[in-house]
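Observations on the model geometry
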Amino acid sequence: MNGHTTEIKDPENQKNEPKRFTFDFSYWSHDEFTEQSDGYNEPNGSKYADQKKVFGDLGRGVLDNAWKGYNTSLFAYGQTGSGKSYSMMGYGANKGIIPISCDEIFKEIDIKRASAGKDEDYQVTFTMLEIYNEQVRDLLNAKSMTMKGGLKVRQHPTKGFYVENLTTAAVNSFKEIDNKINEGNRNKTVAATSMNATSSRAHTIVALTLTQKSPNETGESMTRTATINLVDLAGSERADSTGATGDRLKEGSAINQSLSSLGNVIKALADQSTGKKKVVVPYRDSVLTRLLQNALGGNSKTIMIAALSPADINYEETLSTLRFADRAKAIKTTATVNESPTDKLIRELREENARLMEMLKTGGVVMAPSGGGGGGSSEEVEEMKRQMEEELRKKEEELENLSKTYEQRMADAATSNKGGVSAADKEEGDKKVIPHFWNLNEDPALTGMIVHFANEGTSRVGNKNASKKPDIMLNGLSIGKDHAEIINKKGNVSIKPGPSAKDIMVNGTKIVGETKLSHNDRISFGPNHLYVFHHPQDYAKKTNAGEKVETPTFDSAQEEIAKESGLMTTPTDGMSKDEALLQEDLVQILPMVAEANAMAEELGKGVKFEINLVSPQARGIKDGRTEVMVKMLAQDGSGNDWLWDRNKFINRKYIMQEMYANFAEGDDDWDLPQERDPFWEPADTEKLIGTCHVLLQSLAFNIDLEEKLVISDFKGHDQGHVDVAIVPCTSDFKPVSEDDFVEDPKELIGKPLYFKINLVASQGLPANIDKSFCRYKFYLDKDYVQTDEISGTINPQFNHEKRVTIKSVTEQLIEYLNSESLYIEVWGRQKAGKGAKTQGGKAPKKSAAAAGGTAVQNGGMGAAPLPPIADNKSKEEAARYRQDAEKSKKRAEESEAKLSKINSYLRERKTKGHSAMRIEDVEALLAGRTPQGRPVETTVVQGGGGGGGAEGSKACTIQ
């Protein structure tokens, strides 16, 4: 950051010029600060921008505009964890724009009230909503969090889009606003945990409405209103360039859709600002853009904060955020002062209310005819009446607020808040003396929002279906009726799994019996319930003894689980960029996989998910980083499995959440058709069975190569064998003679090179493979060379031949042959399994693991057992097995003879007093000749010629 300019440089291409972006302000808040005794970060260098400076530049303008009667909006956009919430809300003593602005509003109101006249009045109202999965939830109304379909978004002819039945709370201090924000965050956390939602993928909109009533110069009472929209957008995520962005289920993810729609709206508005005509702004494409229409392109002064991560591993995401903000700054809005005579407003509201009342009494709801038909259906008429009733209710509410005095409104607010404030105060006091659990959430703003006390005696943990109401109620995935017991005996607290408990973990390790708890232990009650145990007395003892007590975080708890499961072993200190990316992916994917497994089990989908770490070599890449992938395994005994990359799994997981939410809400149509089911994948989807590497050095010496290579999957397990031959040839593709062998590969430079790549057959593929084929690339090939696809056998005969002509051998090719290998991929399509698809809206209660066996694995070297000889095809396969066995026997005899000759020659050299063997002598022995030039009497197997194996094999003696 330098003045108004932000620069970003690609860590992979340091020589390239940095990309530069210019904004109204560019702030650096990563380092160059000193933490004061009260926790405030004070700048100690020229770069650091503290919260006071940010508020002075941005928040002060928001307040000034609000007092003038302008609507204002403040957005925070950026990657999850980049500092959006820190800028908006702050942390501890480092208060953000929202709390400072709210505090300043009420300071100014107190000053104005001190000298206010009879007709002057000031009021502030507060709303807080969340948009998740294209559904609107009222965060100040716990019941709306589980309402099917969420709240309705309506359109007013003059005010634009609004949310029906949204709670509007009157507030009179920042403390009251802070209590409302905490209430909203608690409701969000409980709902997200129960419904398996991901809070960081939701948009949160906080709106403050400032209303001023005061007389103008002529003594007429005027009402001026201004709405301040504070928007924390869902965190964007790093997406690998190789990700499955075109997955068939991606468009079903409404969460991704809303961010995409916002980008499309900003682009269209930017195009309009540059003078382009006939640009349609797609506000209606998502709930988010509908509700933000005024803020983006209407009557509002708008500020956007683009939060960036300084880590080089987030370069691509940071660049994307900067480009997004660069487009947004081109938007121009036209804000107007929202001011009208108070008496006129009251009169208009009363007239409108009277008109609506009359229409409802007389049933005067008229639907406009469409086409050649008459009025609307009875359902449409009823819906219109309901909307009118809601509009009437809101207008009566507005009229009441305009007519009430400040003292009357505050008395009403105090009455409604009294119970909540006393309960919150009691909880804060209990936390200081009673052991308790507080929640961990991936969104730091939601961490610590849920507290459960471990009172003296036994506290039962269970779900809402328990026969007796549990002391600690947890709902959501994998929570049983009698899940656990928390036992507190005179301050000694332990946890005991109940009969219906699944995977209760303490500090990342699954427990099976009663386990004592210590301060700051991490307890997982299921895939969505992660808590930290706080023991006030133990904490006091440690701090009084001068011991530093580290507070656990969501990420550190997930890293702990990954380490205990064996997925992560690298220490976090000093890790490389690739290791940091791997850890970031693991922390993100690990809880998602646990959730997916729990959902699959409850919905009876008959599949299981597991994390797999796949190296670049296993993906056919020489260099790169290990990637986190997810394998879906069928539990129907078929042995079928499918490997998904990170992006594809995340997209599928969001659809799984939608399906599970519908199931949990009792929707009879929760199940999706097979082609849209996120738990289903066609059996005949192409699957990488494994790979093998063919060393090409023999080709550099013009020597033929015939190998039976092991096919290995990414875990290194054998999945069968493949017969490969690399045959140097003459210009008419006849095998070269012994005289054409070269002593030094450089002899080939400048000369033509002819050879054949033969993929003859494969044996012992997994038993669930129905069709198979191989593919590979040689040297500078852009496209894969692929064999025919063979079906109906696990021992396919490919009989593939590729003739290669190199017009002139180069040093680069010689280097390639000497140092690289031919990477052959073996692909297959699986046989259709029995399936465990549920129908009819009710999932079976048995676990998915009980639905069938585990995946069939081949033992030993990967060869499948010989099939019974029941028909001609089986007889042919058996004959091929015997033929292959004979080949293997002859190769073993050949190798044994060569080894015997080397040992004999070694003894001869020792007898004659020599202490070394000449390299050329060893090479001669390996080539089948003795150092004296005499042939080694042994039989070898040489692959068939131009038929690609069709002629079979023949034995010959090399002279």
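Residues numbered from 1 in each chain as written. Predicted model: local features only at pLDDT ≥ 70, side-chain atom pairs only at ≥ 80, totals over all residues. Heavy atoms only, no water.

A look at the overall build of the chain
When helices and strands are tallied, the chain shows 19 helices and 41 strands. Taking the intrachain contacts of the chain between residues at least 6 apart in sequence as the baseline, contacts between residues at least 24 apart amount to 66%. For the chain, the exposed surface amounts to about 48000 Å²; the carbon and sulfur share of it is 49%. (Helix = DSSP H or I, 4+ residues; strand = E, 2+ residues; numbered from the N terminus. Contact = heavy atoms within 4.5 Å. Areas by Shrake-Rupley, 256 points an atom, 1.4 Å probe, with all protein chains shown as cover.)

Here's the deal with the sheet that holds strand β26 (residues 522-526)
Strand pairing within a sheet occurs via backbone hydrogen bonds; the two strands may be parallel or antiparallel. If you walk across this open sheet you meet the six strands as β18-β17-β27-β26-β23-β24, and the pairing is antiparallel. Only two strands of the sheet have a single partner each, and these edge strands are β18 (451-453) and β24 (509-510). Judged from the four bridges that link them, β26 and strand β27 (residues 529-534) form a sheet pairing that is antiparallel. Following the sheet pairing, I523 is matched in β27 by Y531. (Pairing = 2+ DSSP bridges.)

What about the packing of helix α1 (residues 51-68) against helix α3 (residues 97-114)?
Packing of α1 against α3 leaves a shortest axis separation of 9 Å and a crossing angle of 50°. As summarised for this structure, α1 and α3 are arranged oblique, according to the angle between their axes. In terms of crossing hand, the pair formed by α1 and α3 is right-handed. Taken together, the residues of α3 that come into contact with α1 (itself represented by Q51, V54, F55, L58, G59, R60, L63 and W67) are I97, I100, S101, E104, I105, E108, I109 and K112. Residues belonging to the contact of α1 with α3 are distributed by class as follows: nine nonpolar, three polar and four charged. (Axes fitted to C-alpha atoms, helices over the stretch in contact; angles between N-to-C directions. Parallel < 35°, antiparallel > 145°, perpendicular 65-115°, else oblique. Left-handed = near helix turned anticlockwise from the far one by under 90°. Nonpolar A, V, L, I, M, F, W, Y, C, P; charged D, E, K, R; others polar.)

A word on the pattern of salt bridges
One pass over the full model with this rule turns up 34 salt bridges. Shared partners join several salt bridges into a network, and the residues in it are R60, D103, E104 and K107. (Salt bridge = Lys/Arg side-chain N within 4 Å of Asp/Glu carboxyl O.)

Overview of the nonpolar core
The biggest cluster of nonpolar side chains holds 37 residues, and the ones touching the most others in it are I109, V124, F126 and I177. Contributing elements (two or more residues each) for this core: α1, β5 (72-78), α3, β8 (121-132), β12 (169-171), α4 (174-194), β13 (203-215) and β14 (221-232). By size, the runner-up hydrophobic cluster in this structure holds 36 residues, among which are I711, F798, I814 and Y816. (Core = buried A, V, L, I, M, F, W, Y, C linked by side-chain atoms within 4.5 Å. Buried < 20%, exposed > 50% of the residue type's maximum accessible area, 1.4 Å probe, protein only.)

Digging into the sheet that holds strand β28 (residues 607-614)
The three strands lie next to each other as β28-β29-β30, forming an open sheet whose pairing is antiparallel. Every interior strand has two partners, whereas the edge strands, β28 and β30 (641-645), have only one. Each strand of the sheet is rotated relative to its neighbour by a mean of 25°, with strand direction disregarded. As defined by bridge partners, strand β29 (residues 627-634) adjoins β30 across five bridges and the pair is classed as antiparallel.

Comments concerning helix α14 (residues 577-602)
The first and last C-alpha atoms of α14 sit 38 Å apart over 26 residues, in line with the 38 Å expected at 1.5 Å per residue. At I589, α14 shows its largest kink, close to 25°, and the proline P591 lies no more than four residues downstream. Trailing α14 by a residue or two, G604 shows a phi angle of about 65°, which is positive. (Expected span 1.5 Å × (residues − 1). Bend = angle between axes of the 7 residues up to and from the residue.)

Quick look at the packing of helix α13 (residues 554-564) against α14
A packed helix pair is summarised by two numbers, namely the angle formed by the two axes and the spacing between the axes. Between α13 and α14, the shortest axis-to-axis distance is 9 Å and the interhelical angle comes to 85°. The angle between α13 and α14 places the two elements in the roughly perpendicular class. On α14, the residues that touch F554, D555, Q558, E559, I561 and A562 of α13 are Q583, V587, L590 and P591. A class-by-class count of the residues in the contact of α13 with α14 yields six nonpolar, two polar and two charged.

Comments concerning the environment of Y283
Among the secondary structure elements, Y283 is positioned in the loop between α5 (254-273) and α6 (287-291). A relative accessible area of 11% places Y283 in the buried class. Each C-alpha atom, one on Y283 and one on A268, is 10.0 Å from the other, the two residues being 15 residues apart in sequence. Ignoring any residue separated from it by four or fewer positions in sequence, one finds Y283 in contact with V265, L269, T289, R290, Q293, L296 and G297.

With respect to the pairing of strand β33 (residues 718-729)
Most of β33 is tucked away: twelve of the twelve residues are buried. Connecting the antiparallel pair strand β32 (residues 705-712) and β33 is a turn made up of five residues, with G716 showing a positive phi of about 90°. The sheet contact formed by β33 and strand β34 (residues 753-763) spans nine bridges and is antiparallel. Note that in β34 the partner of V724 across the bridge is L759.

Describing the packing of aromatic side chains
One pass over the full model with this rule turns up 18 aromatic pairs. Their ring planes at 5° and their centres at 5.8 Å tell us that F25 and Y27 sit as a pair that is stacked. Under the relative-accessibility criterion, F25 is labelled partly exposed at 37%. Measuring from centroid to centroid gives 6.3 Å for F437 and F525, while their planes differ by 75°, and the two rings are edge-to-face. (Phe/Tyr/Trp six-rings, centres within 6.5 Å; stacked < 30°, edge-to-face > 60°.)

Details of unusual backbone geometry
Positive phi values are uncommon outside glycine, yet F733 reaches one of about 60°. On the secondary structure map, F733 appears in the loop between β33 and β34. Phi is positive for N799, close to 45°, though the residue is something other than glycine. Following the sequence through the fold, N799 ends up in strand β38 (residues 797-806). Take N799: its relative accessible area is 35%, and that puts it in the partly exposed class.

Some thoughts on the confidence of the model for the chain
Looking at the chain, the pLDDT average stands at 79 and 75% of residues meet or exceed 70. With pLDDT under 50 throughout, residues 366-374 is counted as low confidence; its partners more than four residues away or in other chains account for six contacts. Long-range and interchain partners of residues 836-874, a stretch whose pLDDT sits below 50, account for 79 contacts in this model, where long-range means more than four residues apart. (pLDDT = per-residue confidence, 0-100.)

So, the state of the cysteines
Under the definition given, this model contains zero disulfides. In this model C692 remains outside any disulfide bridge; the closest cysteine sulfur is found in C774, 7.1 Å from its own. (Disulfide = S-S within 2.5 Å.)

Examining the side chain of S772
By the element assignment, S772 lies in strand β35 (residues 769-776). Using a relative accessible area of 0% as the deciding quantity, one classes S772 as buried. Leaving out residues up to four positions away in the same chain, S772 has contacts with L765, D788, E789, I790, P796, F798, W827 and G828.

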